[in-house]
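# Report on the structure
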Amino acid sequence: MRDAGESMTMITIAVVGITAVMLAVQMKGVKGEYATYLAAAAGCFIFFYGVSKMETIFDAMGQVQEFIRVNRIYLTTLIKMTGITYIAEFASGICKDAGYGAIGSQIEIFGKLSILAVSMPIVLALMETLQRFLV
């Protein structure tokens, strides 16, 4: 029955997004800044609604860890990378929608660099493991 709830949630989010866009298009001719604020508010609503789904993801990660005995650092890193991606895309999209594409692109670059920095311990562990096999 969980799938039906998820479908309704997706429909709700789609309706909120489409409604916000339609209202923003109407407002753009009258007060352009209000259209930007409306789009940002809708984006925040959808963003925080998405963040609330993280509990489900954490539960699933815990089950995966029980089944295959994965080192906790790998799952933690995966969750951090997912969070960085989600936040960077959200912030970048708002900047680009507001007409500040250069700032949005910089946020995307920073997000990618952050993901690379977070993943470095895993890359180093992989290199260490490969070195043991090659020596």
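Residues numbered from 1 in each chain as written. Predicted model: local features only at pLDDT ≥ 70, side-chain atom pairs only at ≥ 80, totals over all residues. Heavy atoms only, no water.

## Remarks on the packing of aromatic side chains
The description of an aromatic ring pair rests on the distance of the ring centres and on the angle between the ring planes. Short version of the rule: Two aromatic rings, drawn from Phe, Tyr or Trp (for Trp, its six-membered ring), form a pair once their centres lie within 6.5 Å of each other, and the interplanar angle then sorts them: stacked below 30 degrees, edge-to-face above 60, tilted otherwise. Only DSSP runs of H or I covering at least 4 residues are called helices, and only runs of E covering at least 2 are called strands; the numbering of each starts at the N terminus. Between buried and exposed lies partly exposed: a residue is buried under 20% and exposed over 50% of the maximum accessible area for its type, with that area taken using a 1.4 Å probe on protein chains only.
Scanning the entire structure with this criterion turns up 5 aromatic pairs. Aromatic pair phenylalanine 45 and tyrosine 49: ring centres 5.7 Å apart, planes at 45°, arrangement tilted. Of the two residues, phenylalanine 45 and tyrosine 49 both sit in helix H2 (residues 32-51), 4 residues apart, roughly one turn of that helix. Classification of phenylalanine 45 as partly exposed rests on a relative accessible area of 39%. Ring plane angle 25° and centroid distance 4.6 Å describe the contact between phenylalanine 47 and phenylalanine 90, whose orientation is recorded as stacked. Of this pair, phenylalanine 47 sits in helix H2 while phenylalanine 90 sits in helix H4 (residues 72-97), and the two are 43 residues apart along the sequence. Overall, the relative accessible area of 22% leaves phenylalanine 90 in the partly exposed class.

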